[in-house]
Amino acid sequence: MHANNKICANGVGEVDINLTPFLNHYKDGRIERLLRSPFVAASEDPTANRGVATRDVVIDPGTGVSARLFLPSRATMAGSRRLPLVVYIHGGSFCTESAFCRTYHGYATSLAAAAGVLVVSVEYRLAPEHPIPSAYDDAWSALRWAAALSDPWLAGHADPDRTFLAGDSAGGNIAYHTAVRAGRDGMGIEGMIMVQPFFWGAERLPSEEVWDGVSVLDVTRVGLLWPFVTAGQADNDDPRIDPPDEEIASLACRRVLVAVAERDTLRERGVRLFRRVRDRYGAVAGTGAGGGEATLVVSEGEDHGFHLYSPLRDTSRRLMESIVRFINNQPAPVGAEVNGGGGLDYWHGLWESKKKIIDRASTATTMSPEVVILGVPSRPFRDIFGYGMDMKRTIRSSGSSSTTTCMMAAYGGTLKIGGERGKAAAVAAFKKTKCGLFTGPVRPNKAYKGPSAAALPGGTQVIKNYF
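Residues numbered from 1 in each chain as written. Predicted model: local features only at pLDDT ≥ 70, side-chain atom pairs only at ≥ 80, totals over all residues. Heavy atoms only, no water.

## Here we look at the confidence of the model for the protein
Turning to step 1, where the next piece is worked out: In the predicted model, the protein carries a mean pLDDT of 74, and 66% of its residues have values of at least 70.
Turning to step 2, where the next piece is worked out: pLDDT under 50 marks residues 5-11. Its contacts with residues more than four places away, or in other chains, come to 20 contacts.
Turning to step 3, where the next piece is worked out: Predicted confidence for residues 429-467 stays below pLDDT 50, and this span has 116 contacts to residues more than four positions away or in other chains. (pLDDT = per-residue confidence, 0-100. Contact = heavy atoms within 4.5 Å.)

Structure representation (structure tokens):
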């Protein structure tokens, strides 16, 4: 199994590629992973993990691809039905985090318990030691392994006809490409869940033009990521991060959920992807016509990864509830629907005209989504695991010579990113941006004061606060 979070002695050197808050690459070849959480051991005793048993498995001994399985207690009850199967792919900009770390162990546990699903959380190989497409290949191997019910837990409890691909951030991108590959291979997928997925492009969208200095993801550093994780072999015009319409049309899954956060730098890309998936399905709100269903969840007032680092926050819980309803094909709760209800496209939070309802009469003949709105929570920010504070401290110190963690290239000492050509391409892209080190704090619960968000699809905006 991979050791995705090895820690080595600190060293002093000059940063040539700064991907704060995720990673720094030094000119001497060292890799410093800034975003990290501690390893958590698996346990087959469900009482030790909120009613969910866990076990680690090796999927491919040749590559070392592995996974952690999450089995809720309800699966072992007499007369219980087979459970939906969720193949989950963690985020971390393709180059940090792990299925075995506290962040994703906790999230997968919550998902398995709340939705009543069997989760296969994939431990894929990380860039830059293993550039893209290694992560794509690993996720595909994991999906095929899971679909074949290759483990006793899967064989005894999983329903292969209700298989879902899910992932957040970079994991959302990987989940998307795994679904595309499944379609080309003739493998059916019930649904796909992409939470704040990473997609980008050569040209910036309106909401990406200016970084507000507060949001977690700096637009300039986002632009550096793809050349770095592909070892300099691809730039931001790569269709793998800006997928063409014909590829979206090849998706094998019947239902798709895209979740974005209002303050997330990536939000407009996620909304645009949702719009294109919806158009591909031709899904008319409330009917399911066109052969597919598309759901959009927008979390108001939140930034990238908020649901991972503050799981007890109201918006985090509501996001989880939306995902649970999606997996179990349940309607939105009574009283949370407006303008007819029962629609397939749900909007949770809309970010501009607070408490303003726009008249839909003028667009009655067009396809408009039904709306479920969840406003900014009244409860204060609760970072129960201290992850957010750890991130703040790491970011503040990332430009100094006394940073707290680093990870040496585990393969041959000094790491060469795609050889000298790949490294030179990534460094050149970095220098072109003239981007300095970010030393400001991440403030996950401040009012959004950045540029106006892009117009929401459907031509209609409805604002209502349920808190």
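## Overview of the sheet that holds strand β8 (residues 158-168)
Turning to step 1, where the next piece is worked out: The mixed open sheet is built from eight strands, whose spatial order is β4-β5-β7-β6-β8-β9-β10-β11. In this open sheet, the two strands that pair with only one neighbour each are β4 (52-60) and β11 (293-299). Across this sheet, the average inter-strand angle for adjacent strands is 20°, counted without regard to direction.
Turning to step 2, where the next piece is worked out: Examined bridge by bridge, strand β6 (residues 83-89) and β8 share seven bridges and lie parallel to one another. Bridge pairing in β8 places Leu83 opposite Ala158.
Turning to step 3, where the next piece is worked out: In the packing of helix α4 (residues 170-184) onto the sheet, contacts are made with β6, β8, β9 (189-195) and β10 (253-261), and the angle to β8 comes to roughly 140°.
Turning to step 4, where the next piece is worked out: Strand contacts of helix α7 (residues 267-281): β9, β10 and β11, with the helix running at about 160° to β10, the strand carrying the most contacts. (Pairing = 2+ DSSP bridges. Helix = DSSP H or I, 4+ residues; strand = E, 2+ residues; numbered from the N terminus. Axes fitted to C-alpha atoms, helices over the stretch in contact; angles between N-to-C directions.)

## Some words on the sheet that holds strand β3 (residues 31-33)
Turning to step 1, where the next piece is worked out: Ordered in space as β1-β2-β3, the three strands form an open sheet in which the pairing is antiparallel. Of all strands in the sheet, those with a lone pairing partner are β1 (15-19) and β3, marking the two edges. Strand after strand, the sheet turns through a mean of 15° between neighbouring axes, direction not considered.
Turning to step 2, where the next piece is worked out: Bridge analysis of β1 against strand β2 (residues 23-26) gives four bridges, and the strand direction is antiparallel. Note on β2: the bridge partner recorded for Val15 is Tyr26.

## A short note on the packing of aromatic side chains
Turning to step 1, where the next piece is worked out: Evaluated as defined, the whole model comprises eight aromatic pairs.
Turning to step 2, where the next piece is worked out: Ring geometry for Phe39 against Phe100: centres 6.5 Å apart, planes inclined by 75°, an arrangement best described as edge-to-face. Taken together, the positions of Phe39 in the loop between β3 and β4 and Phe100 in the loop between β6 and α1 (102-115) put the pair 61 residues apart, joining distant regions of the chain.
Turning to step 3, where the next piece is worked out: The exposed category is assigned to Phe39, whose relative accessible area is 58%.
Turning to step 4, where the next piece is worked out: Grouping aromatic residues by their ring pairs yields a cluster made of Tyr88, Tyr104 and Tyr107. (Phe/Tyr/Trp six-rings, centres within 6.5 Å; stacked < 30°, edge-to-face > 60°. Buried < 20%, exposed > 50% of the residue type's maximum accessible area, 1.4 Å probe, protein only.)

## Brief notes about the pattern of salt bridges
Turning to step 1, where the next piece is worked out: For the coordinates displayed, the defined rule picks out 22 salt bridges.
Turning to step 2, where the next piece is worked out: Among the salt bridges present, the one from Arg55 reaches Asp151, with a minimum N-O distance of 2.6 Å. Of this pair, Arg55 sits in strand β4 while Asp151 sits in the loop between α2 (134-147) and α3 (152-157), and the two are 96 residues apart along the sequence.
Turning to step 3, where the next piece is worked out: In this structure Arg55 comes out as buried when scored by relative accessible area, which is 17%.
Turning to step 4, where the next piece is worked out: Measuring nitrogen to oxygen at the nearest pair gives 3.0 Å for the salt bridge that ties Asp159 to Arg162.
Turning to step 5, where the next piece is worked out: We classify Arg162 as partly exposed; its relative accessible area is 30%. (Salt bridge = Lys/Arg side-chain N within 4 Å of Asp/Glu carboxyl O.)

## Some remarks on the pairing of β9
Turning to step 1, where the next piece is worked out: Of all seven residues making up β9, seven are buried, and the element is well covered by its neighbours.
Turning to step 2, where the next piece is worked out: What joins β8 to β9 is α4, and the crossover it makes is right-handed.
Turning to step 3, where the next piece is worked out: Both β9 and β10 contribute to a ladder of six bridges, which runs parallel. Counted as the bridge partner of Ile193 is Leu257 from β10. (Right-handed = clockwise from strand over helix to strand, strands pointing away.)

## Digging into the packing of α2 against α4
Turning to step 1, where the next piece is worked out: It is the contact of α2 with α4, at a shortest axis distance of 9 Å, that shows an interaxial angle of 60°. As the angle between them shows, α2 and α4 are arranged oblique. Between α2 and α4 the crossing geometry is right-handed. In this structure, α2 uses Ala135, Tyr136, Asp137, Ala139, Trp140 and Leu143 to contact α4, whose residues at the interface are Asn173, Ile174, His177, Thr178, Arg181 and Ala182.
Turning to step 2, where the next piece is worked out: A breakdown of the residues in the contact of α2 with α4 according to their chemical character gives seven nonpolar, three polar and two charged. (Parallel < 35°, antiparallel > 145°, perpendicular 65-115°, else oblique. Left-handed = near helix turned anticlockwise from the far one by under 90°. Nonpolar A, V, L, I, M, F, W, Y, C, P; charged D, E, K, R; others polar.)

## Topic: the packing of α1 against helix α9 (residues 314-327)
Turning to step 1, where the next piece is worked out: Running from N to C, α1 and α9 cross one another at 50°; their axes reach a closest spacing of 10 Å. With respect to each other, α1 and α9 are oriented oblique. The handedness of the crossing between α1 and α9 is right-handed. Packed against α1, whose contacting residues are Tyr107, Ser110, Leu111, Ala114 and Ala115, the element α9 presents Met320, Ile323, Val324 and Ile327 at the interface.
Turning to step 2, where the next piece is worked out: Taken together, the residues of the contact of α1 with α9 sort by class into eight nonpolar, one polar and no charged.

## Some remarks on the environment of Glu97
Turning to step 1, where the next piece is worked out: Its location among the elements puts Glu97 in the loop between β6 and α1.
Turning to step 2, where the next piece is worked out: Between the alpha carbons of Glu97 and Phe22 there is a distance of 9.1 Å; along the sequence they are 75 residues apart.

## Description of α9
Turning to step 1, where the next piece is worked out: Across its 14 residues, α9 extends 20 Å between first and last C-alpha, which sits within 8% of the 20 Å expected from 1.5 Å per residue.
Turning to step 2, where the next piece is worked out: Counting buried positions over the 14 residues of α9 gives eleven, a clear majority of the element.
Turning to step 3, where the next piece is worked out: Turning to α9, its buried residues are Asp314, Thr315, Ser316, Leu319, Met320, Ser322, Ile323, Val324, Arg325, Phe326 and Ile327.
Turning to step 4, where the next piece is worked out: The positive-phi residue at the C-terminal boundary of α9 is Asn329, with phi of around 55°. (Expected span 1.5 Å × (residues − 1).)

## Points about the environment of Gln196
Turning to step 1, where the next piece is worked out: Mapped onto the elements of the fold, Gln196 is located in the loop between β9 and α5 (219-229).
Turning to step 2, where the next piece is worked out: Gln196 sits in the buried class, given a relative accessible area of 3%.
Turning to step 3, where the next piece is worked out: Distance from Gln196 to Asp168, taken between C-alpha atoms, is 5.8 Å for residues 28 residues apart in sequence.
Turning to step 4, where the next piece is worked out: The contact partners of Gln196, leaving out residues within four places of it in the chain, are Ser169, Ala259, Val260, Ala261, Asp264, Leu266, Asp303, His304, Gly305, Phe306 and His307.

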